[in-house]
Amino acid sequence: LVEVIDFLKEPERFTSIGGQIPRGTLLVGPPGTGKTLLAKAVAGESKVPFFSLSGSEFVEMFVGLGAARVRDLFKQAKEKAPCIIFIDELDAVGKARGFGAVGGHDEREQTLNQLLVELDGFDPNMGVILIAATNRPEILDPALLRPGRFDRQILVDRPDKPGRRDILNVHLKKITVAKNLDVDTLAGMTPGMVGADLANLVNEAALLSVRRKKVEVGMAEFEEAVERVVAGLEKKNRLINPVEKEIVAYHELGHAIVAMTLPETDPVQKISIIPRGIAALGYTMQVPTEDRFLMRRKELLNRIATLLGGRAAEEIIFDDISTGAQNDLSRATDIARSMVKEYGMSGNLGQVFFAHKKQNQFLNPTQEGSGDYSAMTAHLIDKEIRQIIDEQYERALEILRSKRTILIRAAKSLMESETIQGEELVALEAAVSKHSDFSDDTDAPDDRNALAA
Ligand code: ZN
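What you see is a predicted model; the values in this text were computed from it and never measured.

Caption draft 1: Fine view of the overall build of the protein. Along its length, the protein carries 19 helices and eight strands. Considering only intrachain contacts with a sequence separation of at least 6, the fraction spanning at least 24 residues in the protein is 75%.

Caption draft 2: Region of interest: a negative patch on the surface. On the surface, Glu315, Asp319, Asp320, Glu394 and Glu398 cluster together to form a negatively charged patch. The residue Glu315 is located in helix H13 (residues 297-318) in this model. The class of Glu315 is partly exposed, set by a relative accessible area of 31%.

Caption draft 3: Highlighting helix H17 (residues 404-417). The first and last C-alpha atoms of H17 sit 20 Å apart over 14 residues, in line with the 20 Å expected at 1.5 Å per residue. For H17, the full list of buried residues reads Thr405, Ile406, Leu407, Ile408, Ala410, Ala411, Leu414 and Met415. Following H17 by one or two positions, Glu418 adopts a phi angle in the positive range, close to 70°.

Caption draft 4: Seen up close, the side chain of Arg149. Relative to the helices and strands, Arg149 is located in the loop between strand S4 (128-134) and strand S5 (152-155). Looking at Arg149, the relative accessible area reads 13%, which means it is buried. Discounting chain neighbours no more than four positions away, the residues touching Arg149 are Arg23, Gly24, Leu116, Leu119, Asp120, Ala143 and Leu144.

Caption draft 5: Looking closely at the environment of Ile321. Assignment of secondary structure puts Ile321 in the loop between H13 and helix H14 (326-341). Residue classification places Ile321 among the partly exposed positions, given a relative accessible area of 43%. A sequence separation of ten residues divides Ile321 from Arg311, and the C-alpha atoms of the two residues are 6.5 Å apart. Excluding residues that lie within four positions of it along the chain, Ile321 makes contacts with Arg311, Glu314 and Glu315.

Caption draft 6: Just the coordination of the zinc ion, in detail. The coordination sphere of the zinc ion, as far as protein atoms go, consists of His251 (NE2), His255 (NE2) and Asp328 (OD), spread over 2.0 to 2.1 Å. Motif for the zinc ion, donor spacing along one chain: H-x3-H-x72-D. With a gap of four residues between them, His251 and His255 both fall in helix H12 (residues 242-261), about one helical turn apart. With respect to class, His251 is no different from His255; both count as buried.

Caption draft 7: Structural context of the nonpolar core. Membership of the largest hydrophobic core comes to 49 residues, with the highest contact counts inside it found for Leu253, Ile271 and Ile304. Those elements that place two or more of their residues in this core are H12, strand S6 (268-272), H13, H14, helix H16 (375-402), H17 and helix H18 (422-435). In terms of residues, this core owes the most to one element, H13, which gives ten residues. Other than its neighbours up to four places away in sequence, Ile271 contacts Glu252, Leu253, Ala256, Tyr283, Thr284, Leu414, Glu418, Thr419, Ile420 and Leu425. Of all hydrophobic cores here, the second largest spans 25 residues; its members include Leu90, Leu116, Phe122 and Ala143.

Caption draft 8: Focus on the packing of H13 against H14. Remark: H13 packs on H14, axes separated minimally by 9 Å, with the N-to-C direction vectors making an angle of 160°. In terms of orientation, H13 lies roughly antiparallel with respect to H14. For the element pair H13 and H14, the recorded crossing hand is left-handed. Across the interface between the two elements, Arg297, Leu300, Leu301, Arg303, Ile304, Leu307, Leu308 and Arg311 from H13 touch Asp328, Leu329, Arg331, Ala332, Ile335, Ala336 and Met339 from H14. Broken down by class, the residue content of the contact of H13 with H14 amounts to ten nonpolar, no polar and five charged.

Caption draft 9: Main features of the pattern of salt bridges. Counted by the stated rule, this structure contains 20 salt bridges. Residues Arg164 and Glu418 are paired through a salt bridge, measuring 2.8 Å at the closest nitrogen-oxygen approach. Placement of Arg164 in helix H8 (residues 161-172) and of Glu418 in the loop between H17 and strand S8 (419-421) is noted, with a sequence separation of 254 residues between them. Across the pair, exposure class does not vary: Arg164 and Glu418 are buried alike. The partner of Arg337 in a salt bridge is Asp334, and the shortest N-O contact between them spans 3.6 Å. With Arg337 and Asp334 both in helix H14 and three residues apart, this pair spans about one turn of that helix.

Caption draft 10: Broad picture of the sheet that holds S4. Taken in spatial order, the five strands make up an open sheet running S2-S3-S4-S1-S5, and their pairing is parallel. The outermost strands of the open sheet, each flanked by one partner alone, are strand S2 (50-54) and S5. With direction set aside, neighbouring strand axes in the sheet form an average angle of 20°. By the bridge criterion, five bridges tie strand S1 (residues 24-28) to S4 in an arrangement that is parallel. Bridging from a neighbouring strand, Gly24 pairs with Leu130 of S4. Most of the contacts of helix H1 (residues 2-9) go to S4, to which it runs at about 155°, and overall it touches S1, strand S3 (83-88), S4 and S5.

Caption draft 11: Region of the structure containing unusual backbone geometry. Note the cis peptide between Ala81 and Pro82, where omega equals 0°. With respect to the secondary-structure elements, Pro82 resides in the loop between helix H5 (65-80) and S3. You will see that Glu89, though not glycine, has its phi angle at about 50°, which is positive. Here Glu89 shows up in the loop between S3 and helix H6 (90-94). A positive phi angle is found at Glu418, which is not glycine, with a value near 70°.

Rules used in this analysis
Counting starts from 1 at the beginning of each chain's written sequence and moves along it residue by residue. In view of the model being predicted, local features appear only for residues whose pLDDT reaches at least 70, and side-chain atom pairs are presented and counted only at 80 or more, with totals across whole chains, interfaces and linings using the full set of residues. Just so you know, side-chain values use all the structure's heavy atoms and leave hydrogens and water out. Only runs of H or I of at least four residues qualify as helices and only runs of E of at least two qualify as strands under DSSP, and these elements are numbered from the N terminus. Every residue pair with non-hydrogen atoms within 4.5 Å of one another is taken to be in contact. Here the term patch refers to residues with relative accessible area over 30% and no salt bridge, with like charges joined within 9 Å and nonpolar side chains (Val, Leu, Ile, Met, Phe, Trp, Tyr) within 5 Å. Note on areas: Shrake-Rupley with a 1.4 Å probe; residue coverage comes only from the protein chains shown. We define a salt bridge as a side-chain nitrogen of Lys or Arg found within 4 Å of a carboxyl oxygen belonging to Asp or Glu. The positive count covers Lys and Arg only, the negative count covers Asp and Glu only, and His and the chain ends enter neither. For the purpose of locating charges, the reference atoms are NZ of Lys, CZ of Arg, CG of Asp and CD of Glu. Relative accessibility under 20% of the residue-type maximum defines a buried residue, over 50% an exposed one, and the middle range a partly exposed one, all with a 1.4 Å probe and only protein chains included. Helix span, as expected, comes to 1.5 Å for every residue beyond the first. We call an atom a donor if it is N, O or S and sits within 2.8 Å of the metal, or 3.2 Å for Na, K and Ca. Water is not counted, so some sites may look partial. What is meant by a nonpolar core is a set of buried Ala, Val, Leu, Ile, Met, Phe, Trp, Tyr and Cys residues, joined one to another through side-chain atoms within 4.5 Å. To obtain an axis, a line is fitted to C-alpha atoms, over the contacting stretch when the element is a helix, and the angle between two such axes runs from 0 to 180 degrees between their N-to-C directions. Every angle not falling under 35 degrees, over 145, or within 65 to 115 is termed oblique; those three ranges are roughly parallel, roughly antiparallel and roughly perpendicular. Here a crossing is called left-handed whenever its near helix is offset anticlockwise from the far helix by less than a right angle, and right-handed whenever the offset is clockwise. In this classification, the charged set is Asp, Glu, Lys and Arg, the nonpolar set is Ala, Val, Leu, Ile, Met, Phe, Trp, Tyr, Cys and Pro, and all remaining amino acids, among them Gly, are polar. Pairs of strands are assigned from DSSP output, requiring at least two bridges between the strands.

Structure below.
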């Protein structure tokens, strides 16, 4: 977005060098995270006009109007360039074509087609920047995401604790707050809330204070307001559950610590457990240090062990496992299956290619999954995949058992701040292993009990 602002301020700098600014930027994130505000801020910062439209408005229009509206919008914008066109709720108009009920979607489809025509027809160097927002990127028509259209995506996720503290500070300026109000504690009480929820919370607390005839808003009002807002959110099926938060924290750290310990894995950049963020429950971000075209057998095995680290941590800490590992298991199994069937990396099956040819799939989809090998080989393949997974799971368990102290300490700090940077985890490990001569794991169970309490 800074790049977009730079371009709008000094387009010559880009055009003189022959560069092209990306045509379309897509802001992706849950509702209420401030995508519209962000787009407006870009316009404000660049001091250019801001044209906005909401996707849902198009859908309600009479036949033919939506497309005409899109045409008009681009025409107006071109006259006022440099400027920003903002399309909110892009998914309402940009849903993939050809799905859903038959008929009745003509209007939306026409509008989408017109939008694609306009997207292809304008030269971004003349200063019209297109920004769109969606909370459902997965249902967008792939045509919209093709290079030259909305090819740049920016994640606007739910804020973590420091983020919520900053947002609260902005809203608190508008009301008279008690001097002893601890914004940090307040931020800690509001996991999963987005900017809109926090604004609502501050307002709710102010209203309560008025009702109680107080001159300033204190912690008691905020506590009650949190309860009200959370109850409202729970109705919307967004539970903020501390038990789940703990499981997710250990699960994510399981991935991170295994990745950190094994050689030649991508470095861990960030671990997050922001509730109901864009990535469902939590995520561990590993950044590849370089583009890869070849993977060695050991690297693939390390990758499987890392994927299984989440579940392994759950087993070690809770002596129980959760459904949270579904996607990990699916990815780990895919790798193991490819190793056995495609890469000839299984000792018992040798250098034989077992994956059946994909082009048959279309002609004869019912045959999918069966290959050119005997039932006995099929059985062996399954056994090999199972063995790879089992061995790597054992490895993950072993690593995490030996790093239990780090796991528990890091989980504590992750639950506190909701995100940890990779370097913090590395520093923590260095600190713990330095002292491991004096204190072993004996203090770990106490930590754990304190958390559970
Ligand atoms: Zn996982």
